[in-house]
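Structure at a glance
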Amino acid sequence: MLCCGGSHSHRRIRNIRHHSRLCQGSGTPTLEKQPAFNVFSISSLIALCFSVTVVVMFLAILTSRHQEKDFSRGLPKKLLCGLSSLFISIAAILVSFCAGHFFVLKDEVKNAAFLIYAVTCLPVTFFAIMQFPLFLDLIWATFKKVPERSYAADA
C-alpha cells in the first residue's frame, strides 16, 4: 500500500495509475505521451511493412519461371530488394523491442539496459557484415550493363 509520503517512484506510479483511469474510457493509449511509445509504434509499423516485403520478394524468387532472362535482370533486383528489406526489418524489430522493453524498466535500471541493447545488436551486426559482400555484388550485378551473349561458333 502506498503512503502519502512515498518516494518519487511511488508518486510516479500513482500518476500513471490516475492517468490510465482517465484514458480507459476514451480509448487512447495510456503511454501515448512518452517518446518511447512513438518510437515503438513507428518502428513496429516499419518492421511489419518490410517483413511482408521480404516474404513477398523471396516468394517471387521461388515462384519465378527460371528462364535465362530472369537470371540476368529480375533475380538480382528481387534479391537486392529482399536483402535490403531484410536488413531494414531486422533493425526495426530491434528498435521496436528496445522501445517496448523501455516501458517496463524501472528508472534505476534504464541506464544499464543500454548495454543489454548493444549486446542484443551484435548478432545482427555480424550478420550484416557477413552479408555485405553479397549485397555489394547484387548492387553491381543489378546496375551494371551486362553484354549480350554471343552464340557464334568460333571455327
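The structure we're discussing is the one just above.
One structure accompanies this document, and this report is about it. What you are looking at is a predicted structure, and each value in this text was computed from that prediction instead of being measured.

1. Things to note about the overall build of the chain
Helix and strand content of the chain: 4 helices and 0 strands. For the chain, the sequential pattern of α-helices and β-strands runs α-α-α-α. Counting across all 155 residues of the chain, residues that qualify as buried make up 18%. A fraction of 71% describes how many contacts in the chain between residues 6 or more apart in sequence connect residues 24 or more apart. Surface accessibility of the chain: about 11,600 Å² in total, with carbon and sulfur atoms responsible for 70%.

2. Description of helix 4 (residues 110-143)
Along helix 4, the sharpest change in direction is near 40° and occurs at Gln131; proline Pro133 comes one to four residues later. Buried within helix 4 we find Lys110, Ala113, Tyr117, Phe135, Leu138 and Thr142.

3. Digging into helix 2 (residues 35-62)
For helix 2, with 28 residues, the first-to-last C-alpha span of 41 Å sits near the 40 Å given by 1.5 Å per residue. Tucked inside the fold, the buried residues of helix 2 contact helix 3 (68-104).

4. Let's talk about the packing of aromatic side chains
When we look at a pair of aromatic rings, we describe it by the centre distance and by the angle of the planes. As enumerated under the stated definition, the model contains 4 aromatic pairs in all. Plain terms: the ring middles of Phe87 and Phe135 are 6.2 Å apart, the flat faces sit at 65° to each other, and that makes the pair edge-to-face. Placement of Phe87 in helix 3 and of Phe135 in helix 4 is noted, with a sequence separation of 48 residues between them. For Phe135, a relative accessible area of 18% corresponds to the buried category. Ring pairs connect the aromatic residues Phe87, Phe127, Phe132 and Phe135, which therefore count as one cluster.

Cut-offs used in this document
- For every chain, the first residue of the written sequence is number 1, and numbering continues from 1 onward in sequence order.
- At least 70 in pLDDT is required for a residue's local features to be given in this predicted model, at least 80 for side-chain atom pairs to be given and counted, and no such filter applies to totals for whole chains, interfaces and linings, which use all residues.
- For side-chain calculations, the full set of non-hydrogen atoms in the structure is used, while hydrogens and water are omitted.
- Numbering of helices and strands starts at the N terminus; helices are DSSP runs of H or I of at least 4 residues and strands are runs of E of at least 2.
- To sort residues, take the accessible area from a 1.4 Å probe on protein chains only and compare it with the maximum for the residue type: under 20% means buried, over 50% means exposed, and anything in between is partly exposed.
- Here, two residues are considered to be in contact whenever any of their heavy atoms come within 4.5 Å of each other.
- With residues, only the protein chains shown are counted as cover, and all accessible areas are computed by Shrake-Rupley using a 1.4 Å probe.
- To get the bend at a given residue, fit one axis to the seven residues ending there, fit another to the seven starting there, and take the angle between those axes.
- One less than the number of residues in a helix, times 1.5 Å, gives the span that helix is expected to have.
- Aromatic rings from Phe, Tyr and Trp, taking only the six-membered ring of Trp, are treated as a pair when their centres fall within 6.5 Å; an angle between ring planes under 30 degrees marks them as stacked, one over 60 as edge-to-face, and anything in between as tilted.

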